[in-house]
Every structure is written in structure tokens, then in C-alpha cells.
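Close look at the chain arrangement
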Amino acid sequence: MTTLPASTTRKLGLVIDLDTCVGCHACVVSCKGWNTENYGAPLSDQQPYGAAPSGTFLNRVHSYEVQPLASSAMPHPAAQLVHFPKSCLHCEDAPCVTVCPTGASYKRVEDGIVLVNESNCIGCGLCAWACPYGAREMDAAEGVMKKCTLCVDRIYNENLPEVDRVPACVRTCPAGARHFGDFADPESNVSKLTAERGGLDLMPEQSTKPVNKYLPPRPKDRLDQPKPVGEIDILAPFLAPVIEEPKGFLGWLDKTLEKL
Amino acid sequence: MHPAPSVIVFTTLSGLGFGLLFWLGLGLPAVTGWVAFAFFAIAYALAVGGLMASTFHLGHPERAWKAFSQWRSSWLSREGVCAVAALVVMGIYGAGLVFLDERMALLGWCGAALALGTVFTTSMIYAQLKTVPRWRTPLTPALLIAISLAGGALLAGQVSAALILIPIAGVLQILWWVRGDGAFAASGTDMATATGLGHIGTVRAFEPPHTGPNYLLRELVFQVGRKHALKLRGIAFGLGYAVPVLLLLVPFSHALALVAVLAHVAGVAASRWLFFAEAEHVVGLYYGKR
């Protein structure tokens, strides 16, 4: 059935920390690797070494430049570069599921993961139209819709060491910018992170109720701006240069070389 | 949105075909025998031809029958169910007219309702999408139903009905265009809400995820041809609505009626091309595009 469950027992999803993501695309590569070699149709590429390379990806990293408005305190605020990984948000009110004419798309009652049963998918593409986030991509070789499975074949996989039972993108992230957990449990790592850091929904006005949350970037140090009055830098005395002029042999060498 | 030729052909022709079936179901014109056969053959060629064209854009057309299962939740599934039901009911009704000279009026009314239902369910596939603000309005089903009824009346030779319905469709078309031009801005979705970074400052797309295009950009962020949108609107309005009305006002001849039908179909096809090409999907915002 493509009607959505009224509620799910667990709400598995990701927290993506826009403050720590360095934009290395390792999650893109590991996602493509795992999901090409494991469950479902492989993520194909068209002309990967040709003139117009293109391919199916379940996770892509965008980069945005954010320019704060100038104010009297900050006359020339520096723009901030934010790397922005985007994959399926496993929405509670997933519009992609209800539009599916065959029942191939469904949201699981036990953990809230949104999946595609590829043997029922007719490749009409309507679910990709219904998704505001661009989380679904039709595979050009297989003609079926592909999307993030939250690595459903890893997280419950008892053949893997316990440390690996998280989505491939989370496991591989060198910056620790991706966190996996159960949002239905208020004591879980992801629920706490969301509460502490003010986790955001993308496009809340689309009323999709995304499970995945994004942690906004924290304010950056601004070296080109005057220091706010009253701030004491306790490390500054220790970081002052210890010696200004070289003495002894180095001093002689310095002067001699200067004369040449 | 990518204006796939298969979908444009489907919605244009099947809309016209189901519109004709609607009038035939009402017994307007009240035809029997070979004349009825000719009318029904045209209606079925348009409706079924359109449906066949729509399967060309499927990744797996051989599984299309599975699309009848989710009528409880999916407008696309409802469309499939309605279309088949309309074709079956009208097939029995038409067989009665052609072979038995017998008009089963109740069956005809049911068939007319199902034909109209098919056009309505088709329009709701688009009108339901919050992701495409230009489509998400009650004007979308109103426009598509008006075009279908007007085109059907034209084909069925219902001149007085066509003279009322074509101008109604034309007015709805203009309202739909005018409302659509401000729809994206009015939707409240912009780069700030898409990225959640609006509280820091103005968000600009700096680098896309990959240097090449992808399925999303090809399918949902189609931008080619928008610069001719205004000219095409003029052509669509002129051919689709103005010319047929003028031709119907002069003394009737079959040749002029044929020209009126062809002009109407060409105009509606142009309007349908714009329906897709001008529609902006919110996912374009992630790429800094509309």
C-alpha cells in the first residue's frame, strides 16, 4: 500500500552537521560504492569517461556561499562557505510514497525508512516529481527509481561488525558530520544533537515533516573584524613571539647574509 | 519540468478523445450504425493512442498493469482505473449503438461521467504536486476539463456548446497563465528555506555536486525555450481558442470545421508544451536555478 503509516515504531534517520562538513564528498563515494555492490539495481553511470558523464547518486554534496548582511558592528561581514550533503530525508509525510501508482514506494512501519520495491516500480518518475529535495533519481540503465535506503542492508546486517552497522555515508565521514540514530527516542544521540544545536527541517513549508535534521553552522571567528570590547584572550600571552632578534651564531649569520 | 513529447501527446490527444466520448455518452450527436462507428473510432483512436503514448515514458512499460492497484492513494492509479473503466463502459455502449441501433442511455451517462473522471484524475496528478507551484491550483483541473469538453464538443459537432465552452477554456487558460507567473514566489519556498541557511544571510549556489548534469536537472529543471514563452502563449491562444471560435461563427462547412479542429489541437499542444516547459520545480533551488 502506498498510504503512509499513521505512525512508525522507530524513526531512523540522519543528523547532518553543516558546521563540521568539510565538503570532501567521501559520503558520496562510499554511498555509490555500497549501493552499487549490494541491495537492488546498481547505480549506473552513463559515459563515465566520455564527453558528457552522468550517473545515479543517492547522496550529493552541494556547496553554498552565504553572505551575511552588513551592520554597523560588522561593516564588511565575510561570506561563509557551507558544504551541504543531501540525501533522502525519510519524511514522515513522504509525498513520494502516496503518489506511487503501483505500491512500489512505501514507508516502513517498524523504522520509518522509505524504500522502493524495484520489482514493482514501472519507472513513471512521478515520485521524483513529488519530492521537493531531489532525493530520488531514475536509473538510466535499469529504468527504476533509486533512492537512499538508509543502508537497510547494513544497519541490521549481523554479518558486519557492530561498528559497521550504520549507513555507509555515516561510517565513512572523516569529519564526523553525519550521525545515524532513532529520532523517536528522545535520549538517542541524534535527538540530543538536534535539541542542543537547533536542528532544522529543510523546506518546512512543504509540510513533508522530514526525519533527517540539519545542524546550522556555528558563527565563525572573524579575524578581519575589530575584536568585541571586553573579550579577553587568555592564550595571547603564551602565543607572543619569544625572540625578536637572533643572537650569537645565528645573529652573525643573519647579518652576514644580509650584507651579501 | 521536462516537456516529454510522449506526455504532451498523451494529455493532448486523450483529453480530446475522452472529451468526445463524454458527448457521445450523452447522445450528442444521437448517432447509430456506421456514423456512430466513425465517431467512436475517432474517439478511441485519440484516447487509446494517447494512453499508449504515455507508456513510452515508463522505465518498465511491461509492468504498467500494476498501476491499477493503488487507487486509494494515488491519482495516477485512479487515472488508470478511470480510463479503463470509461473505455470498457463506452465500448459496450458504442457496440449497442453501432450494431443494435440501441441507445443504452444509463450506460452512456455512466461512460460520460467516467470519461470526465479520467480527465479530472489526469489533471489532479499535476494539481496535487506541492513541488510545482504553477500546477498546484484548482485552476489546473478546471482548465484541463474545460479544454477537454470544448475540444470534444468541437469534434462532436456540437457547435453551440463549443461556442460557449471554447471561450470559457480560453479565459481559464489566461487566468491559469497569470496566476502561474506569480505562483513560485507566492509558494514561500526559496533558497533560504531549501537550505535552512537564510538566518545567516543571502544564500547563493557556489558549486553544484557534480560538474555534469543529472536526472534531476534534465527532468525537473528544464529551462530551454522559456524565452519564447510569450510568443508561444500567443500562438496557443490564437490557434487553440480564437481561430476555432471565428471559424465556427462563419456559415458551417466540413472543411472549415476540420481546420477549426486542427487549429484547436495545435493550440492545445502548444499550451501543453508550455504547461511543462514553464513549470518550475522547487528542487531547482538546490542548484541555484528555477
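The following paragraphs examine the structure supplied in this document. (Residues numbered from 1 in each chain as written. Chains lettered and ligands numbered in written order. Predicted model: local features only at pLDDT ≥ 70, side-chain atom pairs only at ≥ 80, totals over all residues.)

Attention now moves to the sheet that holds strand β4 (residues 59–67) of chain A. With antiparallel pairing, the three strands of this open sheet are ordered in space as β5(A)-β4(A)-β1(B). Of all strands in the sheet, those bounded by a partner on one side alone are β5 (80–87) of chain A together with β1 (202–207) of chain B. Ignoring which end each strand starts from, the neighbouring axes of this sheet average 35 degrees apart. The sheet contact formed by β4(A) and β5(A) spans eight bridges and is antiparallel. Paired with Val61(A) across the bridge in β5(A) is Pro85(A). Sitting on the sheet, helix α1 (residues 26–37) of chain A touches β4 and β5 of chain A, and the angle it makes with β4(A) is about 165 degrees. (Pairing = 2+ DSSP bridges. Helix = DSSP H or I, 4+ residues; strand = E, 2+ residues; numbered from the N terminus. Axes fitted to C-alpha atoms, helices over the stretch in contact; angles between N-to-C directions. Contact = placed C-beta atoms within 7 Å.)

To continue, consider the nonpolar core. Judged by nonpolar contacts, the single largest core of 155 residues is most densely connected at Leu21(B), Ala86(B) and Ala150(B). The greatest single-element share of this core, amounting to twelve residues, is contributed by helix α3 (residues 75–100) of chain B. (Core = buried A, V, L, I, M, F, W, Y, C linked by C-beta atoms within 7 Å. Buried ≥ 20, exposed ≤ 12 C-beta atoms within 10 Å, placed from the backbone.)

Let's shift gears to the sheet that holds strand β11 (residues 213–215) of chain A. Residues and elements named next belong to chain A. Strand order in the open sheet formed by three strands is β10-β1-β11, and the pairing between neighbours is mixed. This sheet does not close on itself; its edge strands, each paired only once, are β10 (178–182) and β11. The average undirected angle you get between the axes of adjacent strands in this sheet is 25 degrees. Of the strand pairs in this sheet, strand β1 (residues 12–17) and β11 are connected by three bridges, and their pairing is parallel. Across the sheet, residue Asp 17 finds its bridge partner in β11, namely Leu 215. The strands touched by helix α6 (residues 189–197) within the sheet are β1, β10 and β11, with β10 carrying the most contacts at an inclination of about 120 degrees.

Once that is clear, we can look at the packing of helix α1 (residues 5–25) of chain B against helix α5 (residues 139–155) of chain B. Residue and element names in this part refer to chain B. Look at α1 against α5: their axes get within 7 Å of each other, and the N-to-C directions meet at 65 degrees. Of the two elements, α1 crosses α5, and the hand of that crossing is right-handed. Along the contact surface, α1 presents Gly 15, Leu 16, Phe 18, Gly 19, Leu 20, Phe 22 and Trp 23, while α5 presents Leu 144, Ile 147, Ser 148, Leu 149, Gly 151, Gly 152, Ala 153 and Leu 155. Residue classes in the contact of α1 with α5 are distributed as ten nonpolar, five polar and no charged. (Left-handed = near helix turned anticlockwise from the far one by under 90°. Nonpolar A, V, L, I, M, F, W, Y, C, P; charged D, E, K, R; others polar.)

When you line up the elements, Gly188(B) lands in the loop between α7 (183–186) and α8 (191–195). Between the C-alpha atoms of Gly188(B) and Pro133(B), which are 55 residues apart in sequence, the distance is 9.7 Å.

Note the cis peptide between Leu28(B) and Pro29(B), where omega equals 0 degrees. Looking at the element boundaries, Pro29(B) is found in the loop between α1 and α2 (33–55). In this model, Gln47(A) sits at a positive phi of 45 degrees, which is unusual for a non-glycine residue. Looking at the element boundaries, Gln47(A) is found in the loop between β2 (45–46) and β3 (54–55). Judged by the 11 C-beta atoms lying within 10 Å of it, Gln47(A) is exposed. Of note in this structure, Met203(A) is not a glycine but carries a positive phi near 45 degrees. Residue position: Met203(A) is located in the loop between α6 and β11. On the basis of neighbour count, Met203(A) is assigned to the buried category, with 25 C-beta atoms found within 10 Å.

Remember that the coordinates give geometry; whether it matters functionally is a separate question.
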